[in-house]
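# Analysis of the macromolecular model
This is what each chain is made of:
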Amino acid sequence: MDTKTKLELQKIAVRIRKGVIEGTGHAKSGHPGGSLSIADIVAYLYFHEMNVDPKNPKWPDRDRFVLSKGHTAPALYASLALKGFFPWEHIATLRQPDSILQGHPSMKYTPGVDMSTGSLGQGISAAVGMALGAKLQGKAFRVYAPLGDGEIEEGQVWEAAMLAGNRKLDNLVAIVDWNNLQIDGSLDEVNSPCPIDKKFEAFGWNVITIDGHDFDQIDAAFAAAKACKGKPTCIIAKTIKGKGVSFMEDKCEWHGSAPNAEQYEQAMAELDAALAGLEA
Amino acid sequence: MADVIKCATRDAYGNALKALGQRDDILVLDADLAKATKTGVFKKEFPDKFIDCGIAECNMMGVAAGLASTGYTVFASSFAMFSAGRAFEQVRNSIAYPNLNVKIGATHAGISVGEDGASHQCCEDIALMRVVPNMTIINPADDVEAYQAVLAAADHDGPVYMRFGRLAVPRVNAEDYKFELGKGVTLRDGSDVTIVATGLLVSEALEAAEALKADGIDARVINIHTIKPIDRDLLIKAAEETGAIVTAEEHSVIGGLGGAVCEVLSEACPVPVLRLGVEDTFGRSGPAVKLLHLFGLDAAHIAEKAKKAVALKK
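Residues numbered from 1 in each chain as written. Chains lettered and ligands numbered in written order. Predicted model: local features only at pLDDT ≥ 70, side-chain atom pairs only at ≥ 80, totals over all residues. Heavy atoms only, no water.

A few words on the packing of aromatic side chains. Residues and elements named next belong to chain A. Summed over all chains, the structure comprises ten aromatic pairs over all chains. With a centroid separation of 5.3 Å and 20° between ring planes, the pair formed by Tyr44 and Phe222 is classed as stacked. Here the residue Tyr44 occupies a position in helix α2 (residues 32-49), and Phe222 occupies one in helix α8 (residues 215-227), the gap between them amounting to 178 residues. Residues Tyr44 and Phe222 agree in their burial class; the two are buried. Counting every residue linked through ring pairs, the aromatic cluster contains Trp158, Phe200, Phe203 and Trp205. A cation over a ring is seen here: Arg64 above Phe141, with NZ or CZ 4.1 Å from the ring centre. Positioned over the ring face of Phe47 is Lys83, at 5.0 Å from the centre of the ring. (Phe/Tyr/Trp six-rings, centres within 6.5 Å; stacked < 30°, edge-to-face > 60°. Helix = DSSP H or I, 4+ residues; strand = E, 2+ residues; numbered from the N terminus. Buried < 20%, exposed > 50% of the residue type's maximum accessible area, 1.4 Å probe, protein only. Lys NZ or Arg CZ within 6 Å of the ring centre and 35° of its normal.)

Residues and elements named next belong to chain B. Under the 1.5 Å per step criterion, the end-to-end length of helix α4 (residues 57-69) is 18 Å for 13 residues, consistent within 8% with the ideal 18 Å. Of all 13 residues in α4, 13 are buried, a share of seventy percent or more. One or two residues past the end of α4 sits Gly71, with phi positive at roughly 110°. (Expected span 1.5 Å × (residues − 1).)

Looking now at the pattern of salt bridges. When their charged atoms lie close together, side chains carrying opposite charge are able to pair. By the definition in use, this model includes 26 salt bridges over all chains. A salt bridge links Lys11 of chain A to Glu8 of chain A; the shortest N-O distance between them is 3.2 Å. One end of the pair, Lys11 of chain A, and the other, Glu8 of chain A, are both in helix α1 (residues 3-27), three residues apart, so they sit about a helical turn from each other. Classification of Lys11 of chain A by relative accessible area gives buried; the value is 12%. Salt-bridge contacts for Asp215 of chain B lead to Lys307 of chain B; the nearest nitrogen and oxygen are separated by 3.6 Å. One end of the pair, Asp215 of chain B, is in the loop between α9 (201-212) and β11 (219-223); the other, Lys307 of chain B, is in helix α13 (residues 299-312), and 92 residues separate them in sequence. With relative accessibility at 30%, the residue Lys307 of chain B sits in the partly exposed group. Several salt bridges share partner residues, and in doing so they unite Asp189, Arg220, Lys237 and Glu241 of chain B into one network. (Salt bridge = Lys/Arg side-chain N within 4 Å of Asp/Glu carboxyl O.)

Put into structure tokens, the structure is as follows:
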């Protein structure tokens, strides 16, 4: 990936992170930790990989994005706003009764949301359905579905993985946001799904493990996914929960709590400094 | 008496799917029960439009949702127990909440499943599906109605739950019957009491009404095939004109047709309503017809309820 493109994506990722803080800060609730850990992947998908049209959100041939880890909607919303699906002003209305931005993604309210998700383990099944639909219709669109590492403790994920492997859905990419933390603690402390790679391999998937904050590795992984024929791809992205906000990093307490006014200012100051550094 | 034609509504489901297979937008999904649900009839004709998801109903509902989001009208089939029961939350969150065009073909509903016993005898599905917003529920009385209901479901925009039985049941509708979604059917007029029945108890209700003549009771019989949205006007009219109601369903007396009728009438026209159905209990193994009698789901029990309802009239 060339330096200029990488720099642009890095800036977008910081803006997405700012959106995560702005949204959850105003809502005084939400899930900043996993939204920050997936931000780089979401930035890459919407601004480099996926074929979507903000003026025509329901374009039948668009690539699909299914946020199976639906609680990290703030990252998706910021990305959709930056992409032009709706004005940025909506970000601060997150989780309010008159908002188009629900606590978890909803096709009904938000332009650009391809599937209503939030109940863990369900998005990946819908993504499998979309990928099957593309195959049956002979269409070239691809389907991208980020999963939480805790989410894959849900049995339905493996039902979906089995069908996708058997149906050789090479137009499907699942991304496991491997930040190693879930609500009740680390994966090991709760009920670890590891080894994640061997499980997906056993279900017939092409598996690539990367640093989920390194755009060169992200770029190479999605290119390899596209080149892989006859198998769905699972990109296991090693990430840091709360990435980009020092006091949130690698802390499971920030899974589902919002910054207070003081924390909000500090987080925004850190992200603004990061952005200034990239723009210098 | 002329020979009564008997046919299971699940057979009509398979035949209707086969007829729909000519449409480009139709897909059929199953969870390793294609022979029993009769989606196998479709599979044989249209193998490329049939997807067996294996024994994984929760995933099947999500896959159906994803396919529907790409423009397909998707029929997803399993037994009622696993469609409304096991996959309840997937139906709610992945299908009904986004209002996707998925039609759930739930067969083997009720205790007439027979020998398989309580684990497979789902008497809770109507209650489960009724509380889900955006959901339409159809419980056909016979094969003629079931066939047309499937075609109507395919043309309806949004999720539909269709309830079919395993047991061959008497045909109550004529060949020229016209199914109308959301419209109850008055099969017999009467002025003393109204029997509101659904599914396989519609034929029993007609028999009960005939028997009640001997007691001097003139019973109306209404077939409610669409349980949601329910035909309020027809129910209110029946309550006003006959002053007493008996509901009859092969489902729990809690939350099904009886519950739906009580909800309408308690607010719009309170009259005595007696509910006949599976009491708050699990089923058991046995031949289907024997079980129906054992659980009081027959003409004789409906007639008894009707007499009690008439006695309650003021």
